[in-house]
Amino acid sequence: MLVDIYHDNQVIGYSELHRPNAETHIANGTFIPKASYNPDLHADIIEGDYVGLRGQSLKVQSESLGWVLCTSISIQDYSNLLGEIEINLSGISETSYEVHPD
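Keep in mind that what you see is a predicted model, and the values were worked out from it rather than measured.

**Topic: the packing of aromatic side chains**
In this description, a pair of aromatic rings is defined by centroid distance and the angle of the planes. Counting across every chain of the model gives two aromatic pairs. The ring centre of W67 lies 4.9 Å from the NZ or CZ of K59, which sits over that ring.

**Quick word on the sheet that holds strand β9 (residues 84–90)**
Taken together, nine strands build an open sheet; the order of strands is β5-β4-β8-β9-β3-β2-β1-β6-β7 and the sheet is mixed. Strands with a single pairing partner mark the edges of an open sheet, and in this sheet they are β5 (49–50) and β7 (66–67). As paired strands, strand β4 (residues 45–46) and β5 are joined by two bridges and run antiparallel to one another. By the bridge assignment, I46 is partnered in β5 with D49.

**Re unusual backbone geometry**
Positive phi outside glycine occurs at D8, with the angle close to 55 degrees. Inspection of the secondary structure puts D8 in the loop between β1 (2–7) and β2 (10–16).

**Examining the pairing of β1**
Note that β1 and β2 share six bridges and pair antiparallel. Among the inter-strand pairings, I5 is bridged to a residue of β2, identified as G13. In sequence, β1 turns back onto β2 through a hairpin of two residues, with D8 there showing a positive phi of about 55 degrees. With five bridges joining them, β1 and strand β6 (residues 58–62) adopt antiparallel strand pairing. Looking at β6, one finds that H7 is bridged to L58.

What counts and what doesn't
Residues numbered from 1 in each chain as written. Predicted model: local features only at pLDDT ≥ 70, side-chain atom pairs only at ≥ 80, totals over all residues. Heavy atoms only, no water. Phe/Tyr/Trp six-rings, centres within 6.5 Å; stacked < 30°, edge-to-face > 60°. Lys NZ or Arg CZ within 6 Å of the ring centre and 35° of its normal. Pairing = 2+ DSSP bridges. Helix = DSSP H or I, 4+ residues; strand = E, 2+ residues; numbered from the N terminus.

Right, here's the structure in full:
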């Protein structure tokens, strides 16, 4: 599912999330940042170092399903080491995101 990632009312990037695990309600995907993305404000992990819980100010929205309800959002930025940034959503509400068995 394609989603936009918001900080306050500004889109900071997007992701094509993989289907969530039916048992754990966790989904992840590659995070594609926009110019408004700042790892020092938005990422919990930068190049393997935990820098703080910053996902509390983030929201995820799907154009087709609306806001994705979840308990936490984490951006893990390895753009310098690995050339990639990942986003993880945990505690996804089944009512806001279709959960498929693996």
